[in-house]
Amino acid sequence: MSTLENLVDIPSTPQFQELLSKDLKRISLIYFWTSWAEPCVQMNQVVEGLAKAYPTLLALRAKAEEQADISDSFDINSVPTCLVIQGHALLARIEGGDAAQLKEAITKHLESNSSSTTSHPPSPPSSETEEQLEARMREIMHQSAVVLFMKGEPNAPRCGFSRSAVALLREKEIPFTHFDILSDENVRQGLKRLNDWPTFPQFIVQGEFVGGLDVVKEMKDSGEFEAVFSV
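Residues numbered from 1 in each chain as written. Predicted model: local features only at pLDDT ≥ 70, side-chain atom pairs only at ≥ 80, totals over all residues. Heavy atoms only, no water.

(A) Region of interest: the packing of helix α5 (residues 130-141) against helix α7 (residues 185-194). One can describe the packing of α5 onto α7 by two numbers: an axis separation of 10 Å at closest approach and a directional angle of 85°. Taken as axis vectors, α5 and α7 run roughly perpendicular relative to one another. Residues E130, L133, E134, R136, M137, R138, I140 and M141 of α5 form the contact with α7, whose participating residues are N186, V187, G190, L191, R193 and L194. Residue classes in the contact of α5 with α7 are distributed as 7 nonpolar, 2 polar and 5 charged. (Axes fitted to C-alpha atoms, helices over the stretch in contact; angles between N-to-C directions. Helix = DSSP H or I, 4+ residues; strand = E, 2+ residues; numbered from the N terminus. Parallel < 35°, antiparallel > 145°, perpendicular 65-115°, else oblique. Contact = heavy atoms within 4.5 Å. Nonpolar A, V, L, I, M, F, W, Y, C, P; charged D, E, K, R; others polar.)

(B) Examining the sheet that holds strand β10 (residues 202-205) more closely. Strands sit in the order β9-β6-β10-β11 across an open sheet of 4 strands; the sheet is mixed. Here the strands that pair on one side only, and so sit at the sheet edges, are β9 (177-180) and β11 (208-211). For this sheet the average axis-to-axis angle between neighbouring strands, irrespective of direction, equals 30°. With 3 bridges joining them, β10 and β11 adopt antiparallel strand pairing. Paired with F203 across the bridge in β11 is G211. Those strands touched by α5 are β6 (146-150), β9, β10 and β11, and its axis lies near 120° from that of β6. (Pairing = 2+ DSSP bridges.)

(C) Here's a closer look at the side chain of N195. Here N195 lies in the loop between α7 and β10. In this structure N195 comes out as buried when scored by relative accessible area, which is 11%. Not counting residues within four places of it along the chain, the set of residues in contact with N195 comprises M141, Q202, I204 and F209. (Buried < 20%, exposed > 50% of the residue type's maximum accessible area, 1.4 Å probe, protein only.)

(D) Representation of the packing of helix α2 (residues 38-53) against helix α4 (residues 99-111). Across the interface, α2 lies against α4 with an axial gap of 11 Å and an inter-helix angle of 20°. Classified by the interaxial angle, the pair formed by α2 and α4 is roughly parallel. The two elements α2 and α4 meet at a crossing, and its hand is right-handed. Counting all contacts with α2, which are made through Q42, M43, V46, V47 and L50, the residues of α4 involved are A99, L102, K103 and I106. (Left-handed = near helix turned anticlockwise from the far one by under 90°.)

(E) Representation of α7 in the model. Within α7, 7 of the 10 residues are buried, which leaves the element mostly enclosed by the surrounding structure. By the burial criterion, the buried members of α7 are N186, V187, R188, Q189, G190, L191 and K192. Residues of α7 that are buried make contact with α5, β6, β9 and β10. You can read the cap of α7 off the contacts: a side-chain oxygen lies 3.1 Å from the backbone nitrogen of N186, and it is on D184. One or two steps after α7, the chain reaches D196, where phi turns positive at roughly 50°. (Polar contact = N/O pair within 3.5 Å; in protein donor to acceptor, adjacent residues only side chain to side chain.)

(F) Geometry of the nonpolar core. If you look at the biggest cluster of nonpolar residues, it comprises 36 residues, and the most contacted ones within it are F32, F74 and F229. When residues of this core are assigned to their parent elements, the largest contribution, 5 residues, is made by helix α6 (residues 160-171). In terms of nonpolar packing, the next biggest core, distinct from the first, is built from 24 residues, M43, V84, A92 and L102 among them. (Core = buried A, V, L, I, M, F, W, Y, C linked by side-chain atoms within 4.5 Å.)

Spelled out as structure tokens, the structure:
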């Protein structure tokens, strides 16, 4: 257990969401690891060293297998994987035990904290142009009053966050259509750029991006939900 206030081991999804939402301007490092992967041994020390060297950095450690919902939400396929986040924007993704690359990314983004520049994963090769992809995504976003971009189908969600999103809309008796982002990699990556939001599910109302699951849950708790989704 770390004694550093800015180095936190994540025990649950709600605490993870709460910590990330406290200060959307803060640079955060999300470190996915397991106890059995040898490269994680060194990265554990690197992450702790970065947290100690940069008190303004929020370093969150998540055991990839135990926190499967969080891992699925960020498309974690291997460990160690480190994500550098500001608010809900993905600034950098470092897979494998590349300590030098991680240190460089943290230093760069902490020093330019006021910058609005955000890097995104490159789009996969495709004959579809960016303009055509955006037009197609916007058409999907307008296919009904409420559209849920999720992983899987409403009756067979493929991650915990998508399952919770479907349950929330059904609980509120909100009619919606959906799009399975696992069925189309272009849409999956394109939406991250279009809506400046790195994770799924994504809620769309009247063709406009509303937010992810944590934002919509906050709307429900605050009483804002009905005003936004009753269309």
